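# An overview of the molecular structure
Spelled out, the chains give:
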Amino acid sequence: MEFMYNYVKNICVFMLVITLILNIFPDRQYIKYIKLFAGLLLIISAITPIVNLGKQRINITDIINKYYSKEITMDSDISDSIREMQTKVYERVSEFNEQTTNKSEKNK
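All values reported here derive from a predicted model rather than from experimental measurement.

Conventions we followed
- Residues numbered from 1 in each chain as written.
- Predicted model: local features only at pLDDT ≥ 70, side-chain atom pairs only at ≥ 80, totals over all residues.
- Heavy atoms only, no water.
- Helix = DSSP H or I, 4+ residues; strand = E, 2+ residues; numbered from the N terminus.
- Buried < 20%, exposed > 50% of the residue type's maximum accessible area, 1.4 Å probe, protein only.
- Core = buried A, V, L, I, M, F, W, Y, C linked by side-chain atoms within 4.5 Å.
- Patch = residues over 30% accessible without salt bridge, like charges linked within 9 Å, V, L, I, M, F, W, Y side chains within 5 Å.
- Areas by Shrake-Rupley, 256 points an atom, 1.4 Å probe, with all protein chains shown as cover.
- Salt bridge = Lys/Arg side-chain N within 4 Å of Asp/Glu carboxyl O.
- pLDDT = per-residue confidence, 0-100.

In terms of helices and strands, the chain carries 3 helices and 0 strands. When the helices and strands of the chain are read in sequence order from the N terminus, they spell out α-α-α. In the chain, buried positions account for 6% of the 108 residues.

Structure below.
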């Protein structure tokens, strides 16, 4: 989003500067040349980001691999946590069962 904001801002500033130059320039016979030059610069400045996007190589497989490697590490972390919780629950249940069996044996 920041890229688009800067892109539009640069074009607007460029147009304001060209308008200012056209209004300040006293000789009217050169205005068509100034407009031609300004138009060419405007076209170049408008096309440059599009050309730069074409030069950028986006490798989809790298993006997918990065995502899945993060997913795998998250899954392994989660599964490790689940195993730890299961062992703790099993230990607590075992302790509780031992305590209840000991109490029932003592009561007999």
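Now for the nonpolar core. In terms of nonpolar packing, the biggest core is built from 5 residues, these being I18, L22, I31, I34 and A38. Considering each element in turn, this core owes the most residues, 3 residues, to helix α2 (residues 31-55).

Together, F3, M4 and V8 make up a nonpolar patch on the protein surface, roughly 290 Å² of accessible area in all. Here V8 shows up in helix α1 (residues 2-24).

For the rest of this paragraph, the subject is the confidence of the model for the chain. Summarising the model, the chain shows a mean pLDDT of 78, and 75% of its residues fall at 70 or more. Across the chain, element-level confidence peaks in α1 with a mean pLDDT of 87 and bottoms out in helix α3 (residues 60-107) with 72.

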